[in-house]
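Here is what each chain is made of, one letter per residue.
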Amino acid sequence: MTSDFAAAAVVGRVQVAERADAARNRRKIVDAAGLILESRGAAGLSMDEVARVARVGVGTVYRRFGDLSGLAHALLADQEQRFQEALLSGPAPLGPGASPKERIAAMLSALVDRLEENSELLLVAETSAPYARFTCPAYEVHHAHLVALIAEASAVSGSAVDAEFLADALLAPLATNLYLHQRKVRGLSAERIRHGLAALLAPL
């Protein structure tokens, strides 16, 4: 009994040490990616280069983040957490207290702000794999939040809309590659894009 308890305690200490080591590696990798991003931009990010700067094996980087998209999302995690907190409990109209249609418009506008601020990194996060944009947890949260608001707005207005489809349709123009195309190639202003997004809410 005593030896079993002692062995279990040792195993527990080893597991804690491994978890702490993994956490340190994760921090080193994210910090290294942040340094590269700051000095060379998103074009300088690669799994090999991040591993070199972090002084860890490239396999460690892949195990922790899967691919470059996962690493980019990790760099965006703090901002995404603040955004989700604002959706759930921040001031209106982004947070509770406004009509559902006003909250949807505010959410879309806030996502435009994020694109203006972080388009280079968001482009990496969304395009490094075929479905990277749609398989990340952030997209699922944004989509689910919009579905709930659309259903609420539809109930208020008496309109019959497919909330799940419309949520995807409202998020589609906010794909980073399309947004950058509109801004840099077509010459649309951010404000014009906001107005266009607001016009999509007419069915509600």
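Okay, so let's go over this structure.

The full count for this structure, using the stated rule, is 1 aromatic pair. Ring plane angle 85 degrees and centroid distance 5.2 Å describe the contact between Phe-134 and Tyr-139, whose orientation is recorded as edge-to-face.

Right, let's talk about the nonpolar core for a bit. By size, the foremost hydrophobic cluster in this structure holds 54 residues, and its most contacted members are Ile-29, Val-50, Ile-104, Leu-146, Ile-150 and Leu-170. For this core, the element with the most residues is helix H6 (residues 100-127), which contributes 12 residues. In contact with Leu-146, other than residues within four places in its own chain, are Ile-104, Met-107, Ala-167, Leu-170 and Leu-171.

Between H6 and helix H8 (residues 137-157), the least distance of the axes is 8 Å, while the angle of their chain directions is 155 degrees. As far as their axial angle goes, H8 and H6 are roughly antiparallel. For the pair H6 and H8, the sense of crossing is left-handed. Residues Pro-100, Lys-101, Arg-103, Ile-104, Met-107, Leu-111 and Arg-114 of H6 pack against His-142, His-145, Leu-146, Leu-149, Ile-150, Glu-152 and Ala-153 of H8. Class assignment of the residues belonging to the contact of H6 with H8 gives a composition of 8 nonpolar, 2 polar and 4 charged.

So, about the environment of Asn-25. Within the secondary structure, Asn-25 sits in helix H1 (residues 2-40). With 168 residues separating them along the chain, Asn-25 and Ile-193 place their C-alpha atoms 40 Å apart. Sequence-distant contacts of Asn-25, defined by excluding residues within four places in its chain, comprise Val-56 and Thr-60.

Conventions adopted
Residues numbered from 1 in each chain as written. Predicted model: local features only at pLDDT ≥ 70, side-chain atom pairs only at ≥ 80, totals over all residues. Heavy atoms only, no water. Phe/Tyr/Trp six-rings, centres within 6.5 Å; stacked < 30°, edge-to-face > 60°. Core = buried A, V, L, I, M, F, W, Y, C linked by side-chain atoms within 4.5 Å. Buried < 20%, exposed > 50% of the residue type's maximum accessible area, 1.4 Å probe, protein only. Helix = DSSP H or I, 4+ residues; strand = E, 2+ residues; numbered from the N terminus. Contact = heavy atoms within 4.5 Å. Axes fitted to C-alpha atoms, helices over the stretch in contact; angles between N-to-C directions. Parallel < 35°, antiparallel > 145°, perpendicular 65-115°, else oblique. Left-handed = near helix turned anticlockwise from the far one by under 90°. Nonpolar A, V, L, I, M, F, W, Y, C, P; charged D, E, K, R; others polar.

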